[in-house]
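# An overview of the molecular structure
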Amino acid sequence: YWIGYRLAFETAERVTFGLFIEPSEARIDAYVAATLSFDRDTLPLILVRSQVEPVKRALRLQGFSFTSVKRSGYTIIYRIERRFKDLAPVAPEFIGAVSATSRPADVGLAFDGDLRTRWGSGEPQKPGMEFTVQCAAPVTLRGFRYDLGAFESDAPRVIEVTVRLKDGAVHRLIDREDAAALRFYAESIQLAFPPLEATAVSLRQLGLDM
């Protein structure tokens, strides 16, 4: 944040910046507007020491490659590129049984195509809550996206995502540390990975809503 203003001042605004993580207040709207014509996911990042590892971890989980270099006490991440492209949603016919440990009768609200509706647990978050989607037939997965829509306050405190593979093995997509890195860096959980032949995907709550 303050790094950006310093760079803008010292370069006579040849370098400007967009918002990144907190604080989320745009004090110079023209700077933010100037980033809208770019792919904001691939703009260079200038990080302080505490940001480096979670941001790198989150970028890798989201399927980005990048280059990093240290300058003047900061880490600059640039040449951010998507390694996995042309991802498309799983076709509805591949969605089989859906189950949840809370309010199972409402699970269809997670698949009605309307981000204004939601499946909700109806109780405070606690470890052991789980939401599972069975595939009607094995499907090749290359990515995963969990969109909170207008319900950001419902974000899992700590989430684990696993995939049951065609051979019966369970592959963990994100663990507790991964979830923390993604929540630090991104507004939504979005993953990209090499192809997996999946028969089910499970979201498990590990955190507690105090």
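Residues numbered from 1 in each chain as written. Predicted model: local features only at pLDDT ≥ 70, side-chain atom pairs only at ≥ 80, totals over all residues. Heavy atoms only, no water.

### A closer look at the packing of aromatic side chains
- Per the counting criterion, the structure on display carries three aromatic pairs.
- Aromatic side chains Tyr5 and Phe17 sit 4.9 Å apart centroid to centroid with 85° between the ring planes, which places their arrangement in the edge-to-face category. Of the two residues, Tyr5 sits in helix 1 (residues 2-10) while Phe17 sits in the loop between helix 1 and helix 2 (29-34), which places them 12 residues apart along the sequence. The two residues Tyr5 and Phe17 agree in class, both being buried. (Phe/Tyr/Trp six-rings, centres within 6.5 Å; stacked < 30°, edge-to-face > 60°. Helix = DSSP H or I, 4+ residues; strand = E, 2+ residues; numbered from the N terminus. Buried < 20%, exposed > 50% of the residue type's maximum accessible area, 1.4 Å probe, protein only.)

### Things to note about the sheet that holds strand 7 (residues 170-174)
- The antiparallel open sheet is built from five strands, whose spatial order is 4-5-8-6-7. Single-partner strands in this sheet number two, and they are strand 4 (95-100) and strand 7. With direction set aside, neighbouring strand axes in the sheet form an average angle of 60°.
- In this structure, strand 6 (residues 159-165) lies alongside strand 7, joined through four bridges in antiparallel fashion. Residue pairing for strand 7: Thr162 is matched across the bridge by Arg172. (Pairing = 2+ DSSP bridges. Axes fitted to C-alpha atoms, helices over the stretch in contact; angles between N-to-C directions.)

### Remarks on helix 1
- Listed as buried for helix 1 are Ile3, Gly4, Tyr5 and Ala8.
- Buried residues along helix 1 sit in contact with helix 2, strand 1 (45-47) and strand 3 (74-82).
- Positive phi shows up at Ala12, right after helix 1, with a value of about 55°. (Contact = heavy atoms within 4.5 Å.)

### A few points about a nonpolar patch on the surface
- A cluster of nonpolar residues, Val90, Ile95 and Phe111, forms a patch on the protein surface that exposes about 220 Å² of accessible area.
- With a relative accessible area of 36%, Val90 lands in the partly exposed category. (Patch = residues over 30% accessible without salt bridge, like charges linked within 9 Å, V, L, I, M, F, W, Y side chains within 5 Å. Areas by Shrake-Rupley, 256 points an atom, 1.4 Å probe, with all protein chains shown as cover. Salt bridge = Lys/Arg side-chain N within 4 Å of Asp/Glu carboxyl O.)

### Describing empty space enclosed by the protein
- If you walk through the whole model with that rule in mind, you get one cavity of 30 Å³ or more.
- Taken together, 10 residues make up the lining of the largest cavity; nearest its centre are Tyr5, Phe17, Arg27, Ile28 and Val32.
- By residue class, the composition of the lining of the largest cavity is eight nonpolar, no polar and two charged. (1 Å grid on protein atoms, 1.4 Å probe; cavity = no way out; pocket = protein on both sides within 12 Å on 5 of 7 lines; lining within 4 Å. Points joined across faces, edges and corners; volume = space filled by probe spheres on them. Nonpolar A, V, L, I, M, F, W, Y, C, P; charged D, E, K, R; others polar.)

### Details of the packing of helix 3 (residues 49-61) against helix 4 (residues 176-185)
- At a minimum axis distance of 8 Å, the contact between helix 3 and helix 4 shows a crossing angle of 100°. If you check the angle between helix 3 and helix 4, you find them roughly perpendicular. For the pair helix 3 and helix 4, contact is made by Gln51, Pro54, Val55, Arg57, Ala58, Leu59 and Leu61 and by Glu177, Asp178, Ala181, Leu182, Phe184 and Tyr185, respectively.
- In terms of residue class, the contact of helix 3 with helix 4 is built from nine nonpolar, one polar and three charged. (Parallel < 35°, antiparallel > 145°, perpendicular 65-115°, else oblique.)

### A closer look at unusual backbone geometry
- Located in the positive-phi region is Ala12, a residue other than glycine, with phi close to 55°.
- Examined against the element boundaries, Ala12 turns out to sit in the loop between helix 1 and helix 2.
- The exposed category is assigned to Ala12, whose relative accessible area is 61%.
- The backbone of Arg103 shows a phi angle near 45°, a positive value even though the residue is not glycine.
- Here Arg103 lies in the loop between strand 4 and strand 5 (130-146).

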